[in-house]
Number of protein chains: 2
Amino acid sequence: VIRLALKLPPEGSHVFIGAGLLDELPEHVLERVPAAHYGIVTDSHVAEKYAQPLAAALRAERVRADVVSFTAGEGQKSRTTWATLTDALLARRLGRDGCIIALGGGVACDLGGFVAATYMRGLPCVQVPTSLLAMIDASIGGKTAVDVPAGKNLVGAFLQPHLVAIDPLALGTLPERELRAGLAEAVKHGAIADGEYLRWIGQTAKPLLAREPQPLAHLIRRSVEIKAAVVQADPVERGVRAVLNFGHTVAHAIEALSAYAVPHGYAVAIGMIAEAEIGTAAGVTAEGTADELRAILHGLGLPVALPAGLAPADILTAAASDKKARATRIRYALLERVGGTVTDDAGAHTVEVADDIALRALGRCLPRERREA
Amino acid sequence: VIRLALKLPPEGSHVFIGAGLLDELPEHVLERVPAAHYGIVTDSHVAEKYAQPLAAALRAERVRADVVSFTAGEGQKSRTTWATLTDALLARRLGRDGCIIALGGGVACDLGGFVAATYMRGLPCVQVPTSLLAMIDASIGGKTAVDVPAGKNLVGAFLQPHLVAIDPLALGTLPERELRAGLAEAVKHGAIADGEYLRWIGQTAKPLLAREPQPLAHLIRRSVEIKAAVVQADPVERGVRAVLNFGHTVAHAIEALSAYAVPHGYAVAIGMIAEAEIGTAAGVTAEGTADELRAILHGLGLPVALPAGLAPADILTAAASDKKARATRIRYALLERVGGTVTDDAGAHTVEVADDIALRALGRCLPRERREA
């Protein structure tokens, strides 16, 4: 088992990674986050397979454990589901001496984390991500949230989990699309922080897609290390954490314009290429960066062009109306080159790019047939 | 203006107290918590009187300011109202560079604080309490919460306000009952931490009830100092902060049994006497403590006996079923004497008292006619 200790307020966070870790989970949980009562928040996909056995194993250690679950699906990441899960745990008399275990994909991690952050003003939390995206993104960094009508992730809290337990074997049954979507975020980690890691992902595409545990464990570890380093430098996202948004300004626009038919990781793949083109057009990103990303993402079976029917101008309109936007001019987190991001003279980690420059760059991301038309 | 700087994570908290402070509020807010956009969360009682003029004054300083209000009343301290207020601020496009100002009584402070704690994962918050209870209790210490069907304050978060602005002149129009309810919490502060202050409150009952600004300002300052000292020692309520619950185990039971017809401060007045009797019966609280409290609370026009029709056994049943209870045996935060609380050999700040002892002590708190019957 790989053990990483993250220095994060208020009490630090531990990440354990290991094939077969789920089987040893009760002992790790009891040792690192002792509690009288565990409330396991999970989704219907993994409730029977992982959550109920975990609860039974904890009860065998003479602590209380209850499972509350919701129907798997992005639409459940809502205040309504959060309230229902909270009330179910209150009905089971989970008290202040309890602990929340969020077990499942990104939705379970985000929802369970927000339940923990707000339950009796905050309980300790264990994250047990079972999708690749959740393992290397949602479970690391303490962001919890639900979606509201005005937009995604607009209501939430920061809560650093005491323990994140990652078992690459859980990826054995992950749908192919979700595996690829997670790999897109790993590519992002390489792109912003470690060119060597990025190229390793490109060279290891086949074993990764074949879900070989050893390369998957390495990928998870390296991505967690990169994300953790950024998060430790900026726990509540006031500065450098913005670099994690590389690809995401365009990705969020694509997601919104597709009414979330395009999965997040797929949108991030396209967004990274688009923002590499934008960065090059703006003179801050090295030539050839978009092409390098395009080749790697293509090798991972990820989309590398804007969805058919989506015009560059629509992307910019959607990005400008993003609810979290600070200003009317669009800012992007951009690469300087593969493996490093841009910081401007004022220390800002995002760059303002004029719409006409961005438009031309986005034109280079249209599907081939439309570019040639 | 009295300025207190509290050392509280993550960034400290400032408390300003001064007659007429509301008129100077925009400059203090802009200086201490600069933001591009202020979202003022307030109740219908003070929206016109204080919130709209504050918004206008802020707009005159060329920042954005919007007021969102709810119908005054305890019943509004709900997830539903929290969601409605959040969505109203999102509709006004309050962004991450915004700040929440919670202005009003305890409900506005708790609700506005919880909106701030969860809006885009947390915005800075200014508390502007306009009731005495909110000035010396709800606005200090960073507890925010809403009520849920299972109980009061079971969903919430800790968020230390950057600034708490208290204007004793706002108490001029406070209903008499609410003034007295606030004074009960001030008595509690004296009882747990400062016997001299407690006796001063007893001697100053008339000027306080006449709302003379000078003694009110002194009371607010001293109570804030006492509460702040406890909160600084234990920001997220893991230990010594329990002493603030003196009187509250019984008070919560009285509130629940009366279906919240007995106001919180009134229930605390009765609860303090009851828990002084319980402490004396258990051998930890000095003889005569309950009588001293009884005299002072009576002088403030507060109730000093259990409500008619409420049996001691019911109190214990209700206290034992409190959702936050750690164990089945009831624990109380007890006085050693007026001005100081009990800590047991293990360092615990609450004491377990057997029900038969508590029952006899509660018998001494029945209304006179029932005790003699």
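On a predicted model such as this, the values are computed, not experimentally measured, just so you know.

Asks: Tell me what's going on with the relation of the copies chain A and chain B, and back it up with residues and numbers.
Replies: With an RMSD of 0.0 Å, the operation that places chain A on chain B is a rotation of 180° combined with a shift of 0.0 Å along the axis. Such a combination of turn and shift is consistent with a two-fold rotation axis. Here 100% of the interface residues in chain A have copies in chain B that are interface residues too; the copies meet face to matching face.

Asks: So what's going on with the side chain of R294 of chain A? Residues and values would help.
Replies: All names here are of chain A. For R294, the location among the structural elements is in helix α12 (residues 289-299). Here R294 falls in the buried class, since its relative accessible area comes to 17%. Residues in contact with R294, not counting those within four places in the same chain, are I273, E277, V304 and R364.

Asks: A description of the sheet that holds strand β5 (residues 98-104) of chain A should follow, citing residues and the corresponding values.
Replies: Whether parallel or antiparallel, the strands of a sheet pair through hydrogen bonds between backbone atoms. All names here are of chain A. One open sheet holds the seven strands; their spatial order is β1-β2-β9-β6-β5-β3-β4, and the pairing between them is mixed. The open sheet has two edge strands with one neighbour each: β1 (2-6) and β4 (64-70). Taking each pair of neighbouring strands and ignoring which way they run, the sheet shows an average axis angle of 15°. Here strand β3 (residues 37-43) pairs with β4 via seven bridges, running parallel. Looking at the pairing, G39 lines up with D66 of β4.

Asks: How would you summarise the packing of helix α11 (residues 264-281) of chain A against α12 of chain A if you had to cite specific residues and measurements?
Replies: All names here are of chain A. Where α11 meets α12, the axes come as close as 8 Å, and the angle between the chain directions of the two elements is 165°. Relative to α12, the element α11 lies roughly antiparallel. The two elements α11 and α12 cross, and the hand of that crossing is left-handed. Where α11 approaches α12, its residues A269, M272, I273, A276 and E277 are matched on the opposing element by T289, A290, L293, R294 and L297. Class assignment for the residues of the contact of α11 with α12 results in seven nonpolar, one polar and two charged.

Conventions adopted
Residues numbered from 1 in each chain as written. Chains lettered and ligands numbered in written order. Predicted model: local features only at pLDDT ≥ 70, side-chain atom pairs only at ≥ 80, totals over all residues. Heavy atoms only, no water. Least-squares fit on C-alpha atoms with pLDDT ≥ 70 in both. Contact = heavy atoms within 4.5 Å. Helix = DSSP H or I, 4+ residues; strand = E, 2+ residues; numbered from the N terminus. Buried < 20%, exposed > 50% of the residue type's maximum accessible area, 1.4 Å probe, protein only. Pairing = 2+ DSSP bridges. Axes fitted to C-alpha atoms, helices over the stretch in contact; angles between N-to-C directions. Parallel < 35°, antiparallel > 145°, perpendicular 65-115°, else oblique. Left-handed = near helix turned anticlockwise from the far one by under 90°. Nonpolar A, V, L, I, M, F, W, Y, C, P; charged D, E, K, R; others polar.

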